[in-house]
Amino acid sequence: MAEHTPPMPTRRLGRWMILAGVAVWLVYGIVWLIGGSPQAAHYLPVHLSGVLPGVVLSRWQTITGWVTRSR
């Protein structure tokens, strides 16, 4: 079976997603510094939506290696 090469390497895409998920907390900090009272419950889902899939994508080759090795 031929391997498919994605347009953007999964490792790079994953790292960008992690960065975006962590950057949400910068917005939280700015809102807090200007006197607002941000609620972490509003920022946490956005953070996790970037970080969790980002970790999987950034380690995709390792994960697929585990799967193919176990067959």
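Everything below is about the structure printed above this text.
Worth saying up front: this structure is predicted, and the values here are computed from it rather than measured.

Criteria and cut-off values
Residues numbered from 1 in each chain as written. Predicted model: local features only at pLDDT ≥ 70, side-chain atom pairs only at ≥ 80, totals over all residues. Heavy atoms only, no water. Helix = DSSP H or I, 4+ residues; strand = E, 2+ residues; numbered from the N terminus. Contact = heavy atoms within 4.5 Å. Buried < 20%, exposed > 50% of the residue type's maximum accessible area, 1.4 Å probe, protein only. Phe/Tyr/Trp six-rings, centres within 6.5 Å; stacked < 30°, edge-to-face > 60°. Expected span 1.5 Å × (residues − 1).

**Quick look at the overall build of the protein**
Across its full length, the protein holds three helices and zero strands. Along the protein, helices and strands appear, N-terminal first, in the series α-α-α. Contacts spanning at least 24 positions in sequence make up 63% of the contacts within the protein whose residues lie at least 6 apart.

**Here we look at the environment of Leu13**
Inspection of the secondary structure assignment puts Leu13 in helix α1 (residues 10-33). Contact partners of Leu13, with chain neighbours within four places excluded, come to Met8 and Leu57.

**Thoughts on the side chain of His47**
Take His47: it is sitting in helix α2 (residues 40-58). Using a relative accessible area of 15% as the deciding quantity, one classes His47 as buried. Setting aside anything within four residues of it in sequence, one finds His47 in contact with Gly21, Val22, Val24 and Trp25.

**Considering the packing of aromatic side chains**
In this structure the tally under the stated criterion is three aromatic pairs. Within the aromatic cluster, the residues linked to one another by ring pairs are Trp25, Tyr28 and Tyr43.

**Section: α2**
Given a rise of 1.5 Å per residue, 19 residues ought to cover 27 Å, and the 26 Å separating the end C-alpha atoms of α2 matches this to within 8%. Residues of α2 that are buried include every one of Tyr43, His47, Gly50, Val51, Gly54 and Ser58, and no others. Contact partners of the buried residues in α2: α1 and α3 (60-69).

**Considering the environment of Met17**
The residue Met17 is located in helix α1 in this model. By relative accessible area, Met17 is classed as partly exposed at 24%. Placed 34 residues apart in sequence, Met17 and Val51 show a C-alpha to C-alpha distance of 6.2 Å. Those residues within four positions of Met17 in sequence are excluded, and the remaining contacts are Ser49, Gly50, Val51, Pro53, Gly54 and Leu57.

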